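# Reading the structure
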Amino acid sequence: MNGMRTSYEVLGVSPNASQEEIKKAYRKLAKQHHPDANGGSADSQQRFMEISNAYKDIGDEASRRAYDDKLRKAARGEDKRAGAASQSKRSAQTTAQPFSAEHFSQHFEQFFGFNPKTGKPAAGRGQEQASQEHTAKTSEWFESYFGFRKK
């Protein structure tokens, strides 16, 4: 879209790629550029956000159809304002809340009900709400999603 890389280019896949190929490319790049794997580097954070946004665009069939429609319209010059507005909105969201461990921890606590570093219940939650039997096994999810194995 007008000198910008498409989501397909960001993920390094063909526009004809299968959803499985897109998913594999995303996982590989997300693992490689995750800020935690790169010491919190600003370049790594920016690249990780770019990869995540690309996957949001084409990671599922419905989003991908809408994205492909936008690409076709942009190629015909029909959707210049809409594309620019969408990109500036995404840029505003990206710059409005840069990645930070504190920001992540707050959302993690809100969603899962406990602090990811200490394992203690989130502030303001009763012990019964944050009991261990209801605590999500997020490390197992993360490991299975990104293919990590404990040694």
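What counts as what
- Residues numbered from 1 in each chain as written.
- Predicted model: local features only at pLDDT ≥ 70, side-chain atom pairs only at ≥ 80, totals over all residues.
- Heavy atoms only, no water.
- Helix = DSSP H or I, 4+ residues; strand = E, 2+ residues; numbered from the N terminus.
- Contact = heavy atoms within 4.5 Å.
- pLDDT = per-residue confidence, 0-100.
- Phe/Tyr/Trp six-rings, centres within 6.5 Å; stacked < 30°, edge-to-face > 60°.
- Buried < 20%, exposed > 50% of the residue type's maximum accessible area, 1.4 Å probe, protein only.
- Salt bridge = Lys/Arg side-chain N within 4 Å of Asp/Glu carboxyl O.
- Axes fitted to C-alpha atoms, helices over the stretch in contact; angles between N-to-C directions.
- Parallel < 35°, antiparallel > 145°, perpendicular 65-115°, else oblique.
- Expected span 1.5 Å × (residues − 1).
- Arc of directions from axis to C-beta.
- Polar contact = N/O pair within 3.5 Å; in protein donor to acceptor, adjacent residues only side chain to side chain.

Position of serine 7 relative to the elements: it lies in helix α1 (residues 7-11). Setting aside its immediate chain neighbours within four residues, serine 7 contacts Ala54, Asp57, Ile58 and Tyr67.

What follows deals with the confidence of the model for the protein chain. Mean pLDDT over the protein chain stands at 75; residues scoring 70 or higher make up 54%. Mean pLDDT across the elements of the protein chain ranges from a minimum in helix α5 (residues 80-96), with 53, to a maximum in α1, with 95. Predicted confidence for residues 127-134 stays below pLDDT 50, and this span has five contacts to residues more than four positions away or in other chains.

Applying the stated criterion across every chain yields a total of two aromatic pairs. Pairing tyrosine 26 with tyrosine 55 gives two aromatic rings, centres 4.1 Å apart and planes at 15°, and the pair type is stacked. One end of the pair, tyrosine 26, is in helix α2 (residues 19-33); the other, tyrosine 55, is in helix α3 (residues 42-58), and 29 residues separate them in sequence. Per residue, the accessibility class of tyrosine 26 equals that of tyrosine 55, and both read buried.

A few words now on the pattern of salt bridges. Going through the model one piece at a time under the given rule, you end up with three salt bridges. Salt-bridge contacts for arginine 47 lead to glutamate 50; the nearest nitrogen and oxygen are separated by 3.1 Å. With arginine 47 and glutamate 50 both in helix α3 and three residues apart, this pair spans about one turn of that helix. Residue aspartate 69 pairs with arginine 72 through a salt bridge whose shortest N-O separation is 2.4 Å. Of this pair, aspartate 69 and arginine 72 both sit in helix α4 (residues 61-76), separated by three residues, roughly a single helical turn. Among the charged side chains, a salt-bridge network with shared partners connects Arg5, Arg47 and Glu50.

One can find isoleucine 22 in helix α2. Judged by relative accessible area, isoleucine 22 falls into the buried class, the value being 0%. Taking the C-alpha atoms as reference points, isoleucine 22 and aspartate 60, 38 residues apart in sequence, are found 9.2 Å from one another. Not counting residues up to four positions away in its chain, the partners in contact with isoleucine 22 are Tyr8, Leu11, Val13, Ala17, Tyr55, Ile58 and Arg64.

We now examine the packing of α3 against α4. As a packed pair, α3 and α4 sit with axes 5 Å apart at the nearest point and diverge in direction by 95°. Relative to α4, the element α3 lies roughly perpendicular. For the pair α3 and α4, contact is made by Lys56, Asp57 and Ile58 and by Ser63, Arg64 and Tyr67, respectively.

Another aspect to go through is α2. The end-to-end C-alpha separation of α2 is 21 Å, in line with the 21 Å expected for 15 residues at 1.5 Å each. All of the buried residues in α2 are Gln19, Ile22, Ala25, Tyr26, Leu29, Ala30 and His33. Buried residues along α2 cover an arc of 125° about the axis, so they all sit on one side. Opposite the buried face of α2, by more than 90 degrees, sit the exposed residues Lys24 and Lys28.

Within an α-helix, residues lying three or four positions from one another point in the same direction, as the helix has 3.6 residues per turn. Taking 1.5 Å of rise per residue, the 17 residues of α3 would be expected to cover 24 Å, and the 25 Å separating its terminal C-alpha atoms lies within 8% of that figure. Looking at α3, one finds that the buried residues are Ser44, Gln45, Phe48, Met49, Ile51, Ser52, Asn53, Ala54, Tyr55, Asp57 and Ile58. Two to three positions downstream of the cap, the backbone nitrogen of aspartate 43 sits 3.3 Å from a side-chain oxygen, assigning the N-cap of α3 to serine 41.

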